[in-house]
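Structure assessment
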Amino acid sequence: MKNRINQLLEEISQLAATNQEELEALRIKLLSKKGEISILFNDFRNVANEEKREVGQLLNELKNAAQDKINELKESFSNSGASDQKTDLTRSADPIKLGTRHPLSIVKHEIIDIFSRIGFTIAEGPEIEDDWHVFGALNFPPEHPARDMQDTFFIEQNPDVLLRTHTSSVQSRVMATQKPPIRMIFPGRVYRNEAISYRAHCFFHQVEGLYIDKDVSFADLKQALMYFAKEMFGPDTQIRLRPSYFPFTEPSAEMDISCNLCGGKGCQFCKHTGWVEILGCGMVDPNVLENCGIDSKIYTGYAFGMGVERITNLKYQVKDLRMFSENDVRFLQQFESAY
Ligand code: PHE
């Protein structure tokens, strides 16, 4: 009996199996009810009494060794995965889903790109502002309707703390702290107390431009804007300036571009005029320069301000402004390859 046990122990230490079936066959051969080890256990009662203690111990060792070996082999299969039918190692990996830039970011970056090519640098200002930087410094008279609750969001009933209604507020901050020449653009979010519809929202985005130096003229403004329009909407784009009014520029103008959908022939989009409005601009009013500590006898400058939503509508024909803030992936996914 002892010889047989030692022989089996030796065999077990050298056991090998290459797949699950072989392993199962080994388990049955050794450990099942009619397996070799069970047979030895059955023979145990024939062992002489004085040997029972020693042989019993050996038998238990044998059983444990067999069980351990089988467990060890089993584990080696599941780790290598080689015989695991469910894992296909030749399958290509799941593609990583990349996000997309928001259309307003795409257009904002394009505007920044275009102006940086002609020497404009960037600055930003706070969205929560005071009356002076949004209105006062920019020559708005005290009774101007833009200061009204109807148009401006105030913070906690305090008429001096408000959400900026335009990025022109960054003009007043930059002019008060920097010496000319100043050639900068100011992108940012602005807020107005408007009823939300397909064409208006209570927040939107603007990019402001400001150029202050000696001898800056209206012709410089026209050149810069024409360059911008052609870069943004294509080389055949025409521009048209219409006289307008802003408290902080004199003279002031609004700029139209030839409708980029019909090429100026007239369509529904441009209401059959051939032109679409894209921005406001003008020569910085001398009062504004003085308010900000710049000598208006030495320096002149121009400023312009455009709505990023407006430009995006024209570039991508998004007819409803609300799409920009609804975060609908079916809308956003369409801009996957845009930049
Ligand atoms: N701030 C003006 C607006 O929000 C746009 C503008 C900017 C006009 C600079 C002239 C010069 O409508």
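Just so you know, these numbers come straight off a predicted model, no measurement behind them.

Focus on the overall build of the protein chain
A tally of helices and strands in the protein chain yields 11 helices and 10 strands. In terms of overall size, the protein chain is more extended than a compact globule, its C-alpha atoms giving a radius of gyration of 40 Å where 339 residues would be expected to give roughly 20 Å. Across its three principal axes, the protein chain shows a C-alpha extent of roughly 125 × 50 × 40 Å. Looking at the protein chain as a whole, 42% of its 339 residues qualify as buried. At a minimum sequence separation of 6, the contacts of the protein chain that also span at least 24 residues come to 66%. Accessible surface for the protein chain amounts to roughly 19600 Å². Of this, 49% is attributable to carbon and sulfur atoms. Each charge sign in the protein chain was given a centre, from 39 positive and 48 negative side chains, and these centres are 5 Å apart.

Focus: the domain arrangement of the protein chain
Domain annotation for the protein chain reports domain 1 (2–80) and domain 2 (103–335). The gap between the C-alpha centroids of domain 1 and domain 2 is 86 Å.

Observations regarding the state of the cysteines
By the definition in use, this model includes zero disulfides. Here Cys262 is not cross-linked by a disulfide; its sulfur's nearest cysteine counterpart is in Cys259, at 3.7 Å. Unpaired in this structure, Cys270 has its nearest cysteine sulfur neighbour in Cys262, at a distance of 3.8 Å.

Quick notes on the nonpolar core
Judged by nonpolar contacts, the single largest core of 43 residues is most densely connected at Ile111, Phe228, Ile278, Tyr302, Phe304 and Met306. Going through the elements one at a time, helix 5 (103–116), strand 6 (203–213), helix 8 (218–233), strand 8 (249–258), strand 9 (275–284), strand 10 (300–307), helix 10 (308–316) and helix 11 (329–332) are the ones with two or more residues in this core. Beyond its immediate chain neighbours, meaning those up to four positions away, Ile278 contacts Phe228, Phe233, Met255, Asp256, Ile257, Met306, Gly307, Arg310, Ile311 and Leu314.

Notes on the pairing of strand 5 (residues 182–191)
Counting buried positions along strand 5 yields eight of 10 residues, so the element is predominantly enclosed. Of the strand pairs in this sheet, strand 1 (residues 121–122) and strand 5 are connected by two bridges, and their pairing is parallel. Bridge pairing in strand 5 places Thr121 opposite Met184. Of the pairings in the sheet, the one linking strand 5 to strand 6 comprises 10 bridges and is antiparallel in character. Residue pairing in the sheet places Arg183 in a bridge with Tyr211 of strand 6.

Quick look at the environment of Leu138
Tracing the sequence through the fold places Leu138 in the loop between helix 6 (131–134) and strand 3 (154–155). Taking the C-alpha atoms as reference, Leu138 lies 8.9 Å from Leu289; in sequence the two are 151 residues apart. Beyond its immediate chain neighbours, meaning those up to four positions away, Leu138 contacts Trp132, His133, His166, Ser168, Ser169, Gln171, Ser172, Pro247, Phe248 and Val288.

Details of the packing of helix 1 (residues 2–13) against helix 3 (residues 36–43)
How two helices sit against one another is set out by the angle between their axes and by the gap between those axes. Where helix 1 contacts helix 3, the two axes come as close as 12 Å, and the packing angle between them is 160°. Regarding the angle of helix 1 to helix 3, the classification is roughly antiparallel. The chirality of how helix 1 crosses helix 3 is left-handed. In this structure, helix 1 contributes Arg4, Ile5 and Leu8 to the contact, and helix 3 contributes Glu36, Ile37 and Leu40. Classifying every residue of the contact of helix 1 with helix 3 gives four nonpolar, no polar and two charged.

Regarding the side chain of Asp285
Among the structural elements, Asp285 can be located in the loop between strand 9 and helix 9 (286–291). In this structure Asp285 is buried but unpaired, with Lys297 as the nearest side chain of opposite charge at 13 Å. Within the structure, Asp285 has its side chain in polar contact with the side chain of Asn139 (distance 3.5 Å). Every residue in contact with Asp285, bar those within four places of it in the chain, is listed here: Asn139, Pro247, Phe248, Thr249 and Glu250.

A short note on the site of the ligand
The local shell around the ligand holds 14 residues, among which His166, Ser168, Arg192, Gln206 and Glu208 are the closest. Taking Gln206, its side chain carries an N or O atom lying 3.0 Å from an oxygen atom of the ligand. Taken by itself the ligand offers 330 Å² of open surface, and the protein chains cover 89% of this. Here the shell around the ligand gets three residues from one element, more than from any other, and that element is strand 10.

A word on the environment of Glu21
Assignment of secondary structure puts Glu21 in helix 2 (residues 20–31). When the C-alpha positions of Glu21 and Thr100 are compared, they lie 51 Å apart, and in sequence the two are 79 residues distant.

Regarding the sheet that holds strand 4 (residues 158–163)
Overall, antiparallel pairing links the three strands, which are arranged 2-4-3 in an open sheet. Where the open sheet ends on each side, the last strands, each with one partner, are strand 2 (128–130) and strand 3. Direction of pairing for strand 3 relative to strand 4: antiparallel, over a ladder of two bridges. By the bridge assignment for strand 4, Phe154 is matched with Leu162.

Considerations on the environment of Lys214
As for its position among the elements, Lys214 is in the loop between strand 6 and helix 8. When the C-alpha atoms of Lys214 and Leu23 are compared, they prove to be 91 Å apart, with 191 residues separating the residues in sequence. Once residues within four sequence positions are removed from consideration, Lys214 is found in contact with Ile298 and Tyr299.

What counts and how
- Residues numbered from 1 in each chain as written.
- Predicted model: local features only at pLDDT ≥ 70, side-chain atom pairs only at ≥ 80, totals over all residues.
- Heavy atoms only, no water.
- Helix = DSSP H or I, 4+ residues; strand = E, 2+ residues; numbered from the N terminus.
- Rg over C-alpha atoms; globule rule 2.2 N^0.38 Å.
- Buried < 20%, exposed > 50% of the residue type's maximum accessible area, 1.4 Å probe, protein only.
- Contact = heavy atoms within 4.5 Å.
- Areas by Shrake-Rupley, 256 points an atom, 1.4 Å probe, with all protein chains shown as cover.
- Lys, Arg positive; Asp, Glu negative; His and termini not counted.
- Charge placed at Lys NZ, Arg CZ, Asp CG, Glu CD.
- Domains from an automatic or database assignment.
- Disulfide = S-S within 2.5 Å.
- Core = buried A, V, L, I, M, F, W, Y, C linked by side-chain atoms within 4.5 Å.
- Pairing = 2+ DSSP bridges.
- Axes fitted to C-alpha atoms, helices over the stretch in contact; angles between N-to-C directions.
- Parallel < 35°, antiparallel > 145°, perpendicular 65-115°, else oblique.
- Left-handed = near helix turned anticlockwise from the far one by under 90°.
- Nonpolar A, V, L, I, M, F, W, Y, C, P; charged D, E, K, R; others polar.
- Salt bridge = Lys/Arg side-chain N within 4 Å of Asp/Glu carboxyl O.
- Polar contact = N/O pair within 3.5 Å; in protein donor to acceptor, adjacent residues only side chain to side chain.
- Near = heavy atom within 4 Å.

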